[in-house]
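# A look at the structure
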Amino acid sequence: MKRLLFLLIPALMCADDLKSLLEFATTHNNMVVAKSLREESKLKEIESTQSAYYPTLDVGGYGQSLNARTGNTPGDIYSGYAKVGIDIYDGGKKSNTIEQNKALLESSKYDTSAYKKNLQLTIVQDFYTIKSVEANLKALEEKQVQLNADLERIKKFYEVGSATSDEIDKLQAALSNNGYQIDATKFQILSLTRLLGVKIGKKITTLEASNVEEPQNVQKELSDEIQALSASASSLTYSAQSLNAAYMPQIRLEDTYSLYDYDRYDALHPEGLNNQNKLMLTFNIRLFDNGSVSKQKESLFIQQKALESEIKQSTEIQDINADLARSKISTTKAQIQSAKSSLDAAISAYDVIAKKYELGAVDNIAYLDALSVKTNAKAQYEEALNNLQIAYASYYYYANKNIKEYTK
């Protein structure tokens with residue numbers, strides 16, 4: 001007993017339940033990481049635009065050397081300067097650009113959240129698909145054990161002349177075919193598990209039994225995809241308003257302080273000023289651009305209308321999918337009842353036929369049929385139970401909930 005427990009410890013340590021897989025995937029999935037980085041990029045754009053409100057400070061200089069000096073100009077002039085400037089008025093361009101980038105950041109956050117919720121749903125679907133295939137494998141392995149036992153029994157009967165060689169051949173064929181199905185099912189589990197590991201962001205070994213809570217009084221919320229579209233539409237409004245700045249006055253104040261030094265100067269090529277401070281106020285307003293800005297605004301408004309149309313259809317689709325998910329739960333529960341009745345009947349029929357087969361009252365064809373029916377019924381029942389878990393998760397997804405909050 002102690003040895004058995006010791007052997008089980010590594011398997012238990014490596015097993016992953018559904019909730020831990022969902023939590024891990026929402027931080028380690030490569031697409032989630034990429035979308036999070038895009039959010040960070042949008043945040044930096046906002047900070048960059050906000051910094052434009054602060055004064056700018058530039059320093060520079062130049063050196064000039066004339067081979068043939070011109071009148072009243074030294075042969076060599078050196079200058080260094082510092083310039084401070086600030087935009088007094090820009091027509092609201094920066095403020096609208098900030099709001100535009102904030103809306104784009106919000107859209108990016110909703111987009112990331114939407115991807116995480118969709119990722120959770122696909123992981124749940126894969127998790128319970130694997131569980132269904134594992135249940136099928138278990139049923140096939142149980143069938144393999146039974147077929148092995150029957151084959152050994154028939155071989156003993158054959159040795160004493162109570163069975164024929166064709167009975168052995170039929171059981172051997174059934175055993176080989178079942179072994180083939182076992183190998184194919186194992187490879188299917190391996191493939192599904194490896195693909196699930198890519199979505200989660202780590203290698204998966206074994207999956208621990210988990211459950212999704214049945215939805216109770218869950219209020220549907222507008223999906224993150226739709227809210228992302230709404231935020232994108234808002235960003236277009238601010239983008240159009242920032243274009244209005246092109247027709248507004250642009251006022252900037254700059255103060256430049258310069259230092260000068262000279263070489264190769266004389267009476268005919270005198271030195272200039274040693275230093276100078278220049279204060280400059282600039283004013284600019286656009287009077288004509290042949291409607292360039294207005295056409296850009298029209299383009300943005302058309303894009304906004306397209307998004308609004310997309311939002312309307314997406315809302316309708318979400319409502320339909322939520323209703324269908326609710327109906328799927330009811331349908332799957334009915335399928336479970338049918339599958340359970342079918343399993344009970346298959347077990348009962350198998351028990352009767354197995355006893356008759358041992359007594360020689362029925363041939364091995366009837367027996368093998370009953371065994372296959374029982375195996376398939378058991379796998380079908382487990383699959384129906386797993387499908388119910390997927391149906392629960394689908395409802396949470398279309399209600400715009402985090403599935404991991406309802407798993408245990």
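Everything here concerns the structure above.
On to the packing of helix H4 (residues 93–159) against helix H6 (residues 224–243), then. Two numbers describe how H4 lies on H6: the axes approach to 8 Å, and their chain directions differ by 165°. When the interaxial angle is binned, H4 and H6 end up roughly antiparallel. Between H4 and H6 lies a crossing of left-handed hand. A per-class count over the contact of H4 with H6 returns seven nonpolar, twelve polar and seven charged.

Turning next to the sheet that holds strand E2 (residues 56–65). Strand order in the open sheet formed by four strands is E2-E3-E5-E6, and the pairing between neighbours is antiparallel. Whereas interior strands pair on both sides, the edge strands pair on one side only; in this sheet they are E2 and strand E6 (275–284). In this sheet, adjacent strand axes meet at a mean angle of 20° when their direction is disregarded. The pairing of E2 with strand E3 (residues 76–89) spans ten bridges and is antiparallel. The residue bridging Thr56 from the neighbouring strand is Gly85, located in E3.

Moving on: the packing of aromatic side chains. This structure, assessed with the given rule, holds five aromatic pairs. Ring geometry for Tyr396 versus Tyr406: centroids 4.0 Å apart, planes at 15°, classification stacked. Taken together, the residues span a long stretch of sequence, with Tyr396 in helix H8 (residues 364–398) and Tyr406 in the segment after H8 at a distance of ten residues. An aromatic cluster is built from Tyr350, Tyr357 and Tyr367, whose rings are joined through pairwise contacts. The residue whose ring lies beneath Lys202 is Phe24, and the NZ or CZ to ring-centre distance is 5.0 Å. The residue whose ring lies beneath Lys374 is Tyr350, and the NZ or CZ to ring-centre distance is 4.0 Å.

Rules used throughout
Residues numbered from 1 in each chain as written. Predicted model: local features only at pLDDT ≥ 70, side-chain atom pairs only at ≥ 80, totals over all residues. Heavy atoms only, no water. Axes fitted to C-alpha atoms, helices over the stretch in contact; angles between N-to-C directions. Helix = DSSP H or I, 4+ residues; strand = E, 2+ residues; numbered from the N terminus. Parallel < 35°, antiparallel > 145°, perpendicular 65-115°, else oblique. Left-handed = near helix turned anticlockwise from the far one by under 90°. Nonpolar A, V, L, I, M, F, W, Y, C, P; charged D, E, K, R; others polar. Pairing = 2+ DSSP bridges. Phe/Tyr/Trp six-rings, centres within 6.5 Å; stacked < 30°, edge-to-face > 60°. Lys NZ or Arg CZ within 6 Å of the ring centre and 35° of its normal.

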